[in-house]
Amino acid sequence: MLKLGVDKLKLTVVGFGKMGILHAGILNALPKVQLVAVCEKSGLIRKFMKKLFRDVSVVDDVGELSDLGLDAVYVTTPISYHFAVVKSIYNLKVASNVFVEKPLASNYGEARELCDLARRLGGVNMVGYMRRFSVTFRKAKELLSQGVIDEPVSFSAYACSSDFYGIDKNSKVSTPKVGVLRDLGCHAVDLALWFFGDFKVKNAKIDSLFGEGSEDSAFFEVETQSGVGGKFDVSWCVDGYRMPEVGFTVEGSKGVMRVNDDELEIRLNGGERFRWFRHDLKDNVGFWLGAPEYYREDECFLKSLIDGKNVEPDFFSSAKVDLVIDEVKAKAKRK
Amino acid sequence: MTSQERALLVGDNPFHGISHFSQERSRIRGDTSTSPEYAAKLVSIAVENGANGFMFSVSDTTLSILNILNEDGVVEHLDLYGIVPYAYEYVRMASQKGGLPGLAKAIAKEIFFSGNFGAVASGLNGVVLAKPISLMKAYLAYEISRVKSAVGKNARLSCVLLHQLVTDACLGFNLDWLFKAYVDFMLDRGIKPGFNTGNFPFLVEKFREWNISLEDVLVAAPFNKVGFQMVPSKEECEKVLASLPKPNVLAISILAAGYLKPEEAVDYIAGLPNIKGVAVGVSKERHANETFKLLGDRLS
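Residues numbered from 1 in each chain as written. Chains lettered and ligands numbered in written order. Predicted model: local features only at pLDDT ≥ 70, side-chain atom pairs only at ≥ 80, totals over all residues. Heavy atoms only, no water.

A. Molecular detail of the state of the cysteines. Counted according to the given criterion, the structure contains zero disulfides over all chains. Of all cysteine sulfurs, the one in Cys115 of chain A lies closest to Cys300 of chain A, which takes part in no disulfide; the gap is 18 Å. (Disulfide = S-S within 2.5 Å.)

Right, here's the structure in full:
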């Protein structure tokens, strides 16, 4: 049992791309944490990491992490490696507490298998749906739970970025193989599940803009168990989204809520209007790298390790996102 | 500019279509990247109204703006504060080129074809012997040479600042030796080493612990009346600011990304100690005129 104040949490990061750097940087800045190892496949990156991090082991295989007595592992590899890496971590008993960057896996079958392993082996697990830790979406969830606009009647959601906007179709640029739904759309699906509960996909359309197999924009409609209809619009080829953005418009019988990464607005039927920006919602954190929500997310995971309690979003709730995305793909194919 | 004079800098965020307030509002207003010609005009108007410097991320867009300012004879009235790397473009490039290895190759190619022999030699040494400091020097030499070729010999590149993402990641990883090498490299070239950070108290604490002289460097950090992006808190940032040995802080986000009116924003900044200057972005001619007149009146 870890004694807070005496021992430090010993952590490692597997996959040292931009998300690995971000989480490792935040974790290492925390006084109760020690980054003891980093696991990275690229020889070039490993070569430089060995020079950069003098007190951190740099390895190329998850198996080499087994003897380090780790309290937890952060998995920040490309999405297609999540399944194999997390499975190895559990099977090789590298650590029982695992954080995986979103989404949990490349498909629902893999996600379900990881859930089975997690259930069998115990420990705390979490998936990096960091928008649940954004002040605007948290406030939205709170107001929806309080019934400020009454029960939701319908909603529309978007997840957009300009990452691949304006790129010539014949250029050598390659979009991530997992597609826009798992890379970006998963945030909107996760928030919708958090706000409204489980839902079924009614119809779906997926477009390829960069050749066969490329999945660059998607539109789909859903219905929740209580009959609330929802629409999703997802794309990484839209102008005006310098930073990826997720947003919702929720209609209730008493008014309308609009929320995105920057602001939250409520318009009640009587004409009253309330508005909050990040500035109004206590957005400061202990250490700022990337966005405040990453710090809150890491803090939440670490607290749950120390307390030995489950945390949300865990593997089980996150697997539902993979299920919805698989349903969208299946419906779109059938068309 | 004398050492006592406040730095009143035109910031370049609006020239790239950046809004930290609300991306949606920015889209609705139809904000897009400003043309280099119009951006240069805005900088010139700001200079006529009291601005004495330009703070910019080193990118093709800002180098075009500098080129025009040079041709118009404006650049010789300005102190230049370059921010490297232009993180947004590099993050986007990493997404498109398959991650960090793809990005590294693209940057190496740019440096190689730049014709900057010092940068190429240092870069080769860095890659072959896996020396991060040699690579950093190669990259910095390359970026400095890009700025100098855009503005000519008459320009004053007063300060080069490390981008917030890089500064804060290096702080998180405790890379004291990298900060020291950066400071030495810049001081050797007669350029003030600067650090753009979102963790001002943390940076000051670390620099003191690592014996990096706070008198030799410039720190750009958010300071505004509502505490927006002041981490971990407005109170802690103000306390640490007051403890500095001399004014070496550039206040950024003073308008809290457009949340505050210029008058109330400037009132707050005017009451703070150790503020070397401010950087404010402008997107309209009227803003350039009024904002810098106000800053000049209240802060000079």
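B. Here's a closer look at the pattern of salt bridges. This structure, assessed with the given rule, holds 32 salt bridges over all chains. The partner of Arg146 of chain B in a salt bridge is Asp60 of chain B, with the nearest N and O atoms 3.0 Å apart. Placement of Arg146 of chain B in helix H7 (residues 132–151) and of Asp60 of chain B in helix H3 (residues 60–71) is noted, with a sequence separation of 86 residues between them. With a closest N to O distance of 2.6 Å, Arg298 of chain B and Asp267 of chain B form a salt bridge. Within this pair, whereas Arg298 of chain B is found in helix H13 (residues 285–299), its partner Asp267 of chain B is found in helix H12 (residues 262–270), the two being separated by 31 residues in sequence. Connected through shared salt-bridge partners, Arg258, Glu263, Glu265, Arg267, Arg273 and Arg275 of chain A together with Glu24 of chain B make up one network. (Salt bridge = Lys/Arg side-chain N within 4 Å of Asp/Glu carboxyl O. Helix = DSSP H or I, 4+ residues; strand = E, 2+ residues; numbered from the N terminus.)

C. Examining unusual backbone geometry more closely. Of note, the bond from Glu312 of chain A into Pro313 of chain A is cis; its omega dihedral lies within 30 degrees of zero at 0°. Topologically, Pro313 of chain A is positioned in the loop between helix H7 (292–307) and helix H8 (315–334). In this structure, the amide linkage connecting Val231 of chain B to the following residue, Pro232 of chain B, adopts the cis form with an omega of 5°. Mapping Pro232 of chain B onto the fold places it in the loop between strand S6 (218–222) and helix H11 (234–242). One non-glycine residue, Ala256 of chain B, lies in positive phi territory at about 50°.

D. Local environment of the sheet that holds S6 of chain B. Residues and elements named next belong to chain B. Read once around its circumference, the closed barrel built from eight strands follows the order S1-S2-S3-S4-S5-S6-S7-S8, with strand pairing classed as parallel. Neighbour-to-neighbour, the strand axes of this sheet turn through a mean angle of 25°, independent of strand direction. Bridge count for S6 against strand S7 (residues 249–252) is four bridges, and the pairing is parallel. Considered in S7, the bridge of Val219 is made with Val249. (Pairing = 2+ DSSP bridges. Axes fitted to C-alpha atoms, helices over the stretch in contact; angles between N-to-C directions.)

E. Structural view of the sheet that holds strand S10 (residues 229–235) of chain A. Residue and element names in this part refer to chain A. Across the sheet, eight strands lie side by side as S8-S9-S10-S7-S11-S12-S13-S14; this open sheet has mixed pairing. Two strands close off the open sheet at either side, each with one partner strand: strand S8 (199–207) and strand S14 (273–277). Direction aside, neighbouring strands of the sheet carry axes that sit 10° apart on average. As defined by bridge partners, strand S12 (residues 255–260) adjoins strand S13 (residues 263–268) across five bridges and the pair is classed as antiparallel.

F. Examining the environment of Ser59 of chain B more closely. All names here are of chain B. For Ser59, the location among the structural elements is in the loop between strand S2 (53–57) and H3. Each C-alpha atom, one on Ser59 and one on Tyr86, is 6.4 Å from the other, the two residues being 27 residues apart in sequence. In this structure Ser59 touches His16, Tyr86 and Arg146, once residues within four positions along its chain are discounted. (Contact = heavy atoms within 4.5 Å.)

G. Spotlight on the pairing of strand S11 (residues 245–252) of chain A. All names here are of chain A. A large share of S11 lies buried, amounting to six of its eight residues. Bridge count for strand S7 (residues 152–160) against S11 is eight bridges, and the pairing is antiparallel. Looking at the pairing, Ser154 lines up with Glu251 of S11. The antiparallel hairpin formed by S11 and S12 contains two residues in its connecting segment. (Buried < 20%, exposed > 50% of the residue type's maximum accessible area, 1.4 Å probe, protein only.)

H. A look at the interface of chain B and chain A. The interface of chain B with chain A comprises 50 residues on the first partner and 48 residues on the second. Interface area for chain B against chain A, summed over the two sides, is near 4200 Å², with a carbon-plus-sulfur share of 58%. There are one salt bridge connecting chain B and chain A. The partner of Arg258 of chain A in a salt bridge is Glu24 of chain B, and the shortest N-O contact between them spans 2.5 Å. In this structure, the connection of chain B to chain A is made through eleven residue pairs in polar contact (both at pLDDT 80 or more). (Buried area = accessible area lost by both parts, 1.4 Å probe. Polar contact = N/O pair within 3.5 Å; in protein donor to acceptor, adjacent residues only side chain to side chain.)

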